[in-house]
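# Fold and geometry: a report
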Amino acid sequence: MTSFDLLPSRQIAFAPRIAPLAQHSRKCHLPAANRPRCRTLMQSGANGAVQKASEQDKAALIDKVDAFIFDCDGVIWKGDSLIQGVPETLDALRARGKKLVFVTNNATKSRAGYKKKFTSLGLDISPEEIFSSSYAAAAWLEDTNFPKDKKVYVIGDVGILEELDLKGYQYIGGPADNDKKIELSPGYALEHDHDVQAVIVGHDRNINYYKIQYATLCIRENPGCQFIATNLDAVTHLTDAQEWAGNGAMVGAIKGSTKREPTVVGKPAEFMLANIAHAFGLERNQICMVGDRLDTDIQFGKDGGLSTLLVLSGVTTEAELASPENKIHPDFVTSQLPDLLEAATGSKVPA
């Protein structure tokens, strides 16, 4: 396991329970006259066309909020490639006194792992600015007083295990079960650990029938066993060449076999947002959520009463945004995050 001093939970304080934090209204707290004007859709004949935010819109947004929450994949980077102009944009926002938080539903890495990725891309991001769904899963256990003498079964990668280690939780599964197979024979029954009181399902490129059956047994046969999903994303960016099946596929397998709905701790669930607001002492109307997904990032912001900025550098296309079937509309739309640079400093993105 990678050793990394990650500001323990007592330093990034999580509320004893989510309920008090969740009492913030899910609607925008600003008077209607002061809310950002929606710059999302403009009808053009029979086809919808996306109208992007003007420089005036972007400047007003930057003036209005004190903090930006950024999704990572599709906003900061694509696969292992940093989006050009992002470092200058982040520096400009910091120079304006804005708090920056980086949130990802990808649970394959811990905060330590994401710190290394940011560093490898030339970005100086502090650990306390990173909120991954792997961290959120471990924080959920802590917040619900999960007993330290019980175990967690993990479908997922090393990121979840590292976060559980940091909080002192026992676990089994994860990559250790990657090569396990079930050899069926008459009367065979798979044994499982009855001390498992939580199953965490994160993105797992090595998911197999053994893992599915083991998780199913724990959830169905261990009284009170929790079913926790890091996220329900349909697709993810493993490379910049195409979209890959997301954690929704893994969670769907366990939902199908247990007939149980999971507790989701990543976007767009309230849990992560409530703790970010609490950790940084922010009111919801002080925050702008910047993301590339409508059903996670923008919904996350809308549900939480945040301003929302959709960037078209990731999953969502202009056609999807403009579709009459789309019911999730951001406050602002722009091509990519570095479009904010000129509004923040008057400088364009370097060529």
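Quantities reported herein were computed from a predicted structural model and do not represent experimental measurements. (Residues numbered from 1 in each chain as written. Predicted model: local features only at pLDDT ≥ 70, side-chain atom pairs only at ≥ 80, totals over all residues. Heavy atoms only, no water.)

The next thing to look at is the packing of helix α7 (residues 209-221) against helix α8 (residues 247-258). Direction vectors running N to C along α7 and α8 enclose 50°, while the axes themselves pass 9 Å from each other. Taken as axis vectors, α7 and α8 run oblique relative to one another. Crossing geometry of α7 relative to α8 is assigned as right-handed. On α8, the residues touching Ile212, Ala215, Thr216, Ile219 and Arg220 of α7 are Ala253, Ile254, Ser257 and Thr258. Grouping the constituent residues of the contact of α7 with α8 by class yields five nonpolar, three polar and one charged. (Axes fitted to C-alpha atoms, helices over the stretch in contact; angles between N-to-C directions. Helix = DSSP H or I, 4+ residues; strand = E, 2+ residues; numbered from the N terminus. Parallel < 35°, antiparallel > 145°, perpendicular 65-115°, else oblique. Left-handed = near helix turned anticlockwise from the far one by under 90°. Contact = heavy atoms within 4.5 Å. Nonpolar A, V, L, I, M, F, W, Y, C, P; charged D, E, K, R; others polar.)

Tracing the backbone through its elements, the reader meets lysine 267 in the loop between β14 (263-264) and α9 (270-280). The buried category is assigned to lysine 267, whose relative accessible area is 2%. Among the polar contacts listed, one links the side chain of lysine 267 to the side chain of aspartate 71, at a separation of 2.7 Å. Not counting residues within four places of it along the chain, the set of residues in contact with lysine 267 comprises Asp71, Val103, Thr104, Asn105, Asn231, Met272, Met289, Thr296, Asp297 and Phe300. (Buried < 20%, exposed > 50% of the residue type's maximum accessible area, 1.4 Å probe, protein only. Polar contact = N/O pair within 3.5 Å; in protein donor to acceptor, adjacent residues only side chain to side chain.)

Contact geometry for helix α5 (residues 133-143) and helix α6 (residues 158-166): axes closest at 8 Å, N-to-C directions at 40°. Pair α5 / α6 crosses with right-handed handedness. In this structure, α5 contributes Ser134, Tyr135, Ala138 and Leu141 to the contact, and α6 contributes Gly159, Ile160, Glu163 and Leu164. By residue class, the composition of the contact of α5 with α6 is five nonpolar, two polar and one charged.

On the UniProt side, "binding site: Mg(2+)" (unreviewed entry) is annotated at positions that read Asp71, Asp73 and Asp292 here. For this annotated set, covering 222 residues, all C-alpha atoms fall within 8.1 Å of each other, a compact arrangement in space. For aspartate 71, the position within the fold is in strand β3 (residues 67-71). Judged by relative accessible area, aspartate 71 falls into the buried class, the value being 5%. Here aspartate 71 is in contact with Ile76, Val103, Thr104, Lys267, Met289, Val290, Gly291, Asp292 and Asp297, once residues within four sequence places are set aside. With respect to the helices and strands, aspartate 292 occurs in the loop between β15 (287-291) and α10 (294-303). Leave out the neighbours within four places in its chain, and aspartate 292 touches Asp71, Asp73, Gly74, Val75, His237, Asp297, Leu310, Val311, Gly314, Val315 and Thr316. (UniProt positions renumbered as here; feature names shortened; annotations may be inferred.)

With respect to burial, strand β10 (residues 196-201) is a largely interior element, six of its six residues being buried. Sheet topology note: the strand β8 (residues 151-155)/β10 ladder contains five bridges and is parallel. Following the sheet pairing, valine 154 is matched in β10 by isoleucine 200. When β10 meets strand β11 (residues 226-229), the two strands line up parallel, connected through four bridges. Each bridged residue has a counterpart across the sheet, and for isoleucine 200 the counterpart in β11 is isoleucine 228. On the question of chirality, the crossover connecting β10 to the parallel β11 by way of α7 is right-handed. (Pairing = 2+ DSSP bridges. Right-handed = clockwise from strand over helix to strand, strands pointing away.)

Taken in spatial order, the six strands make up an open sheet running β7-β6-β3-β15-β16-β17, and their pairing is parallel. Among the strands making up the open sheet, the edge pair consists of β7 (130-132) and β17 (332-334). Strand-to-strand twist of the sheet, defined as the mean angle between neighbouring strand axes without regard to direction, takes the value 20°. Bridge count between β3 and strand β6 (residues 99-104): five bridges; the pairing is parallel. Residue pairing for β6: isoleucine 69 is matched across the bridge by valine 101.

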